[in-house]
Amino acid sequence: MNAAIQIEGVTKRFGAHTAVDDVSLAVPRSSVFALLGENGAGKTTLVKMLLGLETPNAGSLSVLGLSSKTDGDAIRQRIGYVPERPTLYEWMTAAEIGWFTAGFYPDGFEQHYRNLLDFYRVPLRRKIKQMSKGMRAKVALALAMGHEPELLILDEPTSGLDTLVRREFLESMVEIASEGRTVLLCSHLIGEVERVADRVAIFREGRMLACEKLDELKRTSIEATVTMHGSGAALPHLPGRVVVSRRRGKQWQVMLRDVADPEALAALGENDAVVAVDTRTPSLEELFVAYLQSSDTESPGESAERQPLPVS
Ligand SMILES: Nc1ncnc2c1ncn2[C@@H]1O[C@H](COP(=O)(O)OP(=O)(O)OP(=O)(O)O)[C@@H](O)[C@H]1O
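Note that the coordinates shown come from a computational prediction; the quantities given were computed from them, not determined experimentally. (Residues numbered from 1 in each chain as written. Predicted model: local features only at pLDDT ≥ 70, side-chain atom pairs only at ≥ 80, totals over all residues.)

A. Local environment of the pairing of strand β12 (residues 241-248). When β12 meets strand β13 (residues 251-257), the two strands line up antiparallel, connected through seven bridges. Across the sheet, arginine 248 pairs through a bridge with glutamine 251, a residue of β13. Connecting β12 to the next strand, β13, in antiparallel fashion are two residues, including glycine 249 with a positive phi near 60°. (Pairing = 2+ DSSP bridges. Helix = DSSP H or I, 4+ residues; strand = E, 2+ residues; numbered from the N terminus.)

In structure tokens:
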């Protein structure tokens, strides 16, 4: 596959702490790909390695066919990057900062930047220090896109923005992807990601727990509530893979993946020990939480029958 980003077996340690642990993934071109994880999951470290700003202890990364290890400058020239806290020259106006940045890029940057500001309704003559957070974010995005990069990397692009601005901002991500560009988005705002991403990778403490097309992830996931006759009853064998299971009194709540035969799940209701089985499709947020709650010892691949279930 001619991927925009290819990551193979990457590990990054800071002293004794492993920030990214043996991660492999590919970001296809023309997609919106989201790296999901809580604070400290390793998202920013992974992005910095892609840009050649951090060196991995193991593995390899490539961006648009260039090696992050040896071609960092060329990568940074070709892509657009908006960090979590963009540094903008406060004393400049939006027009001045565009003119200044244009000096680092080929002809056409400034005109394109101005067109984007116009589209985002950011006043050209307003100084950065007089701008709201939303306006600043839009300036940072326009600066990152002035050279019409094939790949845009955004680290928590909407943090601190209000709902309407966030929505507008994210919708422009989808538009960018529809123009054939690729967007890599780091976020812990799951609801937002659900609206715009084609693919998601879920991280916890440096480890990647899942990496899939979003619609596939949801299509192959079932949240099942199994009500038993007795409050101490063990959960019967379930089809598919158990990500996490919890017992509350007589009820087991189970997040299942890859249930090949959903009817086998419904048929559990005929089991003498089972009162009822209710199933529903989980939201991305519910799946994300389930993955974060899955214990290290219980890999998402273990079946309910083989693996003793944690009891809360
Ligand atoms: N330069 C560094 N030196 C030491 N530890 C670091 C360094 N950079 C990151 N870390 C640690 O690596 C881990 C991953 O950090 P990272 O910033 O990549 O997480 P993140 O997923 O981007 O989090 P957030 O959502 O809070 O930005 C954290 O425990 C962090 O403290």
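Still to come is the rest of the account.
B. Structural detail: the site of the ligand. Close contacts around the ligand come from 13 residues, with Phe14, Ala19, Asn39, Thr44 and Thr45 the closest. Of all elements in the fold, only β2 (17-27) and α1 (43-50) reach the threshold of two or more residues within the shell around the ligand. When residues of the shell around the ligand are assigned to their parent elements, the largest contribution, three residues, is made by α1. For the shell around the ligand, a count of residues per class yields three nonpolar, eight polar and two charged. (Near = placed C-beta within 6 Å. Nonpolar A, V, L, I, M, F, W, Y, C, P; charged D, E, K, R; others polar.)

C. Focus on the sheet that holds strand β9 (residues 199-204). If you trace the six strands from one edge of the open sheet to the other, you get β6-β7-β8-β3-β9-β10, paired in mixed fashion. Only two strands of the sheet have a single neighbouring strand rather than two, namely β6 (80-82) and β10 (207-213). Within the sheet, the average angular offset between the axes of one strand and its neighbour, ignoring direction, is 10°. Across the face of the sheet, α1 comes into contact with β3 (32-37), β7 (151-155), β8 (182-187) and β9 while running at roughly 150° to β7. Taken strand by strand, helix α10 (residues 284-293) contacts β3, β9 and β10, and its axis lies near 30° from that of β9. (Axes fitted to C-alpha atoms, helices over the stretch in contact; angles between N-to-C directions. Contact = placed C-beta atoms within 7 Å.)

D. Main features of the pairing of β2. In the sheet, strand β1 (residues 5-14) pairs with β2 via seven bridges, with the strands oriented antiparallel. By the bridge assignment for β2, arginine 13 is matched with threonine 18. Between β1 and β2, which pair antiparallel in sequence order, lie two residues; one of them, glycine 15, sits at a positive phi of approximately 60°.

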